[in-house]
Amino acid sequence: MKLRNVWVWIAACLVLPACSAVYAPQPLGDEPHVLGASWTGTWQTDDGVFSTAVVDAEQGLLQIASIEPKTGGIDIETFQGFVRSHGEMVIISIRDKESDHGFLWFVVDGDIERYALLWMPDPAAFKTAITGGKLPGSVLNPDDEDSDDVVLGELEAAHFDMIADPATGLVDWKRPSVMVRVSD
C-alpha cells in the first residue's frame, strides 16, 4: 500500500500489516530539533485533520493526533513524535505501536509556519540499498518478493547524507505531502 498522505500512511502502517515501511530501531537523527511555537497547531490535508502539540521543545518531543470520522462517531489516535535533525534534514520518528520493529519516520521541512511539507521514505529503494550493502539494516521478509519492509541498522553521517541526496531516490522528494495550518 502506498499512500500519499503521510499521516494516513503512518496510521495505516501502525495498524495494517500490508503497508511496507522503513523502520528505525531508535528515533533517527543526531540531535533533538528544538521546536518553536509554530509546531503546535491543527492541520488540514486532503485526507483529514491532524493536530500537533509541543510536549518538550528542547528535546524535540511532539504529540500528534489524527482525527477521522467513522460511522457512529469519530476516531482519534495519538502518537508521540521524536523530532530530530541531521544537518539541515529534520526527521520525525513515531514508535510503531503494532510491532517491535521500532520507529516509522519521515522527513519534514523544519521551517513550519502556515504550511508543512513532509516527505516519505521509499521502502523499495531502501530494500535495494540494504541488500546492495549501501546502507546497514535488514530485510524483514526476505522470502516475500512483495514485501519491502526493512529495519535500518546504525546509521553514520555518510548514510544520512545518502538519504538526504535526491539522486538516491531513498526519499520521495518529488511528491511531498502538504499540510495547511487551520488553527494554532
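Quick caveat: nothing in here was measured; it's all calculated off a predicted structure.

Analysis parameters
- Residues numbered from 1 in each chain as written.
- Predicted model: local features only at pLDDT ≥ 70, side-chain atom pairs only at ≥ 80, totals over all residues.
- Heavy atoms only, no water.
- Salt bridge = Lys/Arg side-chain N within 4 Å of Asp/Glu carboxyl O.
- Helix = DSSP H or I, 4+ residues; strand = E, 2+ residues; numbered from the N terminus.
- Buried < 20%, exposed > 50% of the residue type's maximum accessible area, 1.4 Å probe, protein only.
- Core = buried A, V, L, I, M, F, W, Y, C linked by side-chain atoms within 4.5 Å.
- Contact = heavy atoms within 4.5 Å.
- Patch = residues over 30% accessible without salt bridge, like charges linked within 9 Å, V, L, I, M, F, W, Y side chains within 5 Å.
- Areas by Shrake-Rupley, 256 points an atom, 1.4 Å probe, with all protein chains shown as cover.
- Lys, Arg positive; Asp, Glu negative; His and termini not counted.
- Charge placed at Lys NZ, Arg CZ, Asp CG, Glu CD.
- Phe/Tyr/Trp six-rings, centres within 6.5 Å; stacked < 30°, edge-to-face > 60°.
- Lys NZ or Arg CZ within 6 Å of the ring centre and 35° of its normal.
- Polar contact = N/O pair within 3.5 Å; in protein donor to acceptor, adjacent residues only side chain to side chain.
- Pairing = 2+ DSSP bridges.
- Axes fitted to C-alpha atoms, helices over the stretch in contact; angles between N-to-C directions.
- Arc of directions from axis to C-beta.

A.B. asks: Now, about the pattern of salt bridges: what can you tell me, with residues and values included?
C.D. replies: Inspection of every chain in the model, using the stated rule, returns 4 salt bridges. In this structure, the salt-bridge partner of aspartate 148 is lysine 127, at a minimum N-O distance of 3.7 Å. Taken together, the positions of aspartate 148 in the loop between strand S10 (137–139) and strand S11 (150–152) and lysine 127 in helix H2 (residues 123–131) put the pair 21 residues apart, joining distant regions of the chain. Classification of aspartate 148 by relative accessible area gives buried; the value is 19%. Judged by its relative accessible area of 16%, lysine 127 is buried. We note a salt bridge from aspartate 184 to arginine 181, for which the minimum N-O separation is 3.7 Å. Taking relative accessible area as the criterion, aspartate 184 reaches 75% and is therefore assigned exposed.

A.B. asks: Can you break down the nonpolar core residue by residue, with the values?
C.D. replies: If you look at the biggest cluster of nonpolar residues, it comprises 21 residues, and the most contacted ones within it are Leu28, Trp105, Phe126, Leu152 and Ile163. Mapped onto this core, the elements with two or more residues apiece are strand S7 (89–95), strand S8 (103–108), H2, S11 and helix H3 (157–164). Top contributing element to this core by residue count: H2, with 4 residues. When near neighbours in sequence (up to four residues on either side) are disregarded, isoleucine 163 contacts Met89, Trp105, Phe126, Leu155, Thr168, Leu170, Val171 and Trp173.

A.B. asks: Break down a negative patch on the surface for me, citing the residues and quoting the values.
C.D. replies: On the surface, Asp143, Asp144, Glu145 and Asp146 cluster together to form a negatively charged patch. With respect to the element layout, aspartate 144 can be found in the loop between S10 and S11.

A.B. asks: Account for the packing of aromatic side chains, naming residues and giving values.
C.D. replies: Following the criterion strictly, the structure yields 3 aromatic pairs and no others. Ring geometry for phenylalanine 82 and phenylalanine 103: centres 5.5 Å apart, planes at 90°, overall edge-to-face. Of this pair, phenylalanine 82 sits in strand S6 (residues 73–86) while phenylalanine 103 is found in strand S8, placing the two residues 21 residues apart along the sequence. The side chain of arginine 114 reaches across the aromatic face of tyrosine 115, ending 5.7 Å from its centre.

A.B. asks: Lay out the side chain of serine 20 in plain terms, naming residues and giving numbers.
C.D. replies: On the secondary structure map, serine 20 appears in the loop between helix H1 (6–15) and strand S1 (22–23). Judged by its relative accessible area of 14%, serine 20 is buried. Only 3.3 Å separates the side chain of serine 20 from the backbone nitrogen of aspartate 148, close enough to count as a polar contact.

A.B. asks: So what's going on with the sheet that holds S1? Which residues, and what values?
C.D. replies: In any sheet, the strands associate via hydrogen bonds between backbone groups, in a parallel or an antiparallel arrangement. Across the sheet, which stays open at both edges, the 3 strands sit in the order S1-S11-S10 with mixed pairing between neighbours. Only two strands of the sheet have a single neighbouring strand rather than two, namely S1 and S10. Two elements, S1 and S11, share 2 bridges in a ladder whose sense is parallel. Directly across from tyrosine 23, in S11, lies its bridge partner valine 151. Contacts from H2 reach S1, S10 and S11 within the one sheet, and its direction differs from that of S11 by about 65°.

A.B. asks: Now, about H3: what can you tell me, with residues and values included?
C.D. replies: Taken residue by residue, H3 has His159, Phe160 and Ile163 as its buried positions. Viewed end-on, H3 has its buried residues packed into an arc of 100°, placing them on one side of the element. Lining the buried residues of H3 we find S6, S7, S8 and H2.

A.B. asks: Can you break down a nonpolar patch on the surface residue by residue, with the values?
C.D. replies: On the surface, Ile67, Ile74 and Ile76 cluster together into a nonpolar patch covering about 300 Å² of accessible area. With respect to the secondary-structure elements, isoleucine 67 resides in strand S5 (residues 61–70).

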